[in-house]
Structures are given as C-alpha cells and as structure tokens.
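Single-letter residue listing:
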Amino acid sequence: MIYKHLPESLQADAKEKWVAFTRASNAANLSPSDNPDILDVLEPVFASSNFVAESCTREPRIFHDLINSGDLLRKYPPQAYTDRLGPLLRSAGDETELGRNLRTYRCREMIRIAWRDLSGWSDLSETMGDLTAFADACLDESLALLYEKLCLQYGTPTDANGSPQHLVVIGMGKLGGR
C-alpha cells in the first residue's frame, strides 16, 4: 500500500487503519481487495471516515461483500433498498434476528453510501438521494412487517367507523429529501 495520495499528516492514520483492516480480513480468512479502483481510493476514504474504517475492520465480510457484489462501484436504481430490505427482514425468525438483520444491512449500506461519497464516485445529489431512499426503505419495510405481525397478534386497529388504521411516522428530518 502506498500512502502518497494523502497529506503527510494523514498518512500514519491511514496506514494504521489499513493494517487493522488487513488483520481483521486475514482473521476472517478473507484477502484484502486487489481491485485497483478500490485500492486507489482506500487510503483517503479510511483517512476521511473513522466510521468506514472501523466498520470495515469490525465486519470485513460486509466490505468484501460490497466489493464482490459490485455494489460499491455501482449506482443503485431507485427501488434497490426496498427490494433488498423487504426479503431480508421477512426472513428473520424473531425480533432479535430482525434487529440483527436491520443493523447489518444499515452498516453495509452506510459504508457503501459513505465510500461512494468520499471516493468521489457519487455526487451530492446521488448521496442525498441514497440516504433518503435508504431511510425510507428502513422505515417503510420495518413498519410494514411489524404492523403485519402486530395485526396478527392483536387484531387490526380501526377508527371509530371501523376503518383499518395503519401506523405512520409523523416526522423525521431526512435532510429534506423528497
């Protein structure tokens, strides 16, 4: 790994993060990427984001999946988050697994969004759109699944006229997206 792309003041930090990530990858029997597109921006991304570096080191399989799937390098179509998250949440056997699946998915996609932004592979519009679509998918899919389970357990809530009532999120600041 050559640390010539970074200011000297950030090179030691980037090297430490790379070494930690390499150790974690080796411990998980994963070899660090040899993709030149990834390696070319790895130093500045790790140096710019403790979240990305620490998440990739803590969960090297997530980062390797992002690389091997090609998701790190591609722009998602509009429905990608919803299309992926719904089946993942519905595969959970219980609420503990549901929470674990949601946290893993959140970590994966936040790494992807941050990486693409910090590497210059996405512009501000794409980054904000991804954050909004991701937040919408997490809320919509989680809410739909939990509503369905609660209706089965307790019955469908109704208003005074007997019309079914759905759960809603009233307000959540999502960077002004859509």
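I will try to describe carefully the structure that is included in this document. Everything quoted here is computed from the prediction, not taken from an experiment. (Residues numbered from 1 in each chain as written. Predicted model: local features only at pLDDT ≥ 70, side-chain atom pairs only at ≥ 80, totals over all residues. Heavy atoms only, no water.)

Some words on the overall build of the chain
Regarding its fold elements, the chain presents seven helices and zero strands. Each helix and strand of the chain, ordered N terminal to C terminal, gives the series α-α-α-α-α-α-α. Dimensions of the chain along its principal axes, counting C-alpha atoms only, are 70 × 35 × 25 Å. When the 178 residues of the chain are sorted by exposure, 40% land in the buried category. For the chain, long-range pairs separated by at least 24 residues make up 71% of all intrachain contacts whose partners lie at least 6 apart in sequence. Carbon and sulfur atoms form 53% of the exposed surface of the chain, whose accessible area is close to 10400 Å². Positive and negative charge centroids in the chain, built from 19 and 25 side chains respectively, lie 2 Å apart. (Helix = DSSP H or I, 4+ residues; strand = E, 2+ residues; numbered from the N terminus. Buried < 20%, exposed > 50% of the residue type's maximum accessible area, 1.4 Å probe, protein only. Contact = heavy atoms within 4.5 Å. Areas by Shrake-Rupley, 256 points an atom, 1.4 Å probe, with all protein chains shown as cover. Lys, Arg positive; Asp, Glu negative; His and termini not counted. Charge placed at Lys NZ, Arg CZ, Asp CG, Glu CD.)

Observations concerning helix α6 (residues 95-119)
The terminal C-alpha atoms of α6 lie 36 Å apart, and with 25 residues this matches the ideal 36 Å at 1.5 Å per residue to within 8%. Put simply, D94 is the residue that caps the front of α6, since its side-chain oxygen is 3.2 Å from the backbone nitrogen of T96. (Expected span 1.5 Å × (residues − 1). Polar contact = N/O pair within 3.5 Å; in protein donor to acceptor, adjacent residues only side chain to side chain.)

Quick notes on helix α2 (residues 36-48)
Between the first and last C-alpha of α2 there are 19 Å, a value that for 13 residues agrees with the 18 Å anticipated at 1.5 Å per step. Roughly 45° is the biggest bend found in α2, and it falls at L42, with proline P44 one to four residues downstream. Among all positions in α2, only I38, V41, L42, E43, V45, F46 and A47 are buried. Where α2 begins, the side chain of N35 points an oxygen toward the backbone nitrogen of D37, at a separation of 2.7 Å. (Bend = angle between axes of the 7 residues up to and from the residue.)

Here we look at the side chain of E141
Residue position: E141 is located in helix α7 (residues 124-154). Those residues within four positions of E141 in sequence are excluded, and the remaining contacts are T82, L85, G86, L89 and R90.

Quick word on the packing of helix α1 (residues 8-27) against helix α3 (residues 50-58)
Two elements in contact, α1 and α3, have axes whose closest approach is 8 Å; the angle formed by their N-to-C orientations is 25°. Comparing their axes, α3 and α1 come out roughly parallel. Contacts between α1 and α3 involve K17, A20, F21 and A24 on the former and, on the latter, N50, A53, C56 and T57. (Axes fitted to C-alpha atoms, helices over the stretch in contact; angles between N-to-C directions. Parallel < 35°, antiparallel > 145°, perpendicular 65-115°, else oblique.)

Looking at the nonpolar core
Among the nonpolar cores identified, the biggest contains 19 residues, and F46, V52, F63, I111 and W115 are the most heavily contacted of them. Breaking this core down by element, the ones donating at least two residues are α1, α2, α3, α4 (60-69) and α6. If you tally residues by element for this core, the top one is α2, at five residues. If you look at the next biggest cluster of nonpolar residues, it comprises 14 residues, including L89, Y105, F134 and L145. (Core = buried A, V, L, I, M, F, W, Y, C linked by side-chain atoms within 4.5 Å.)

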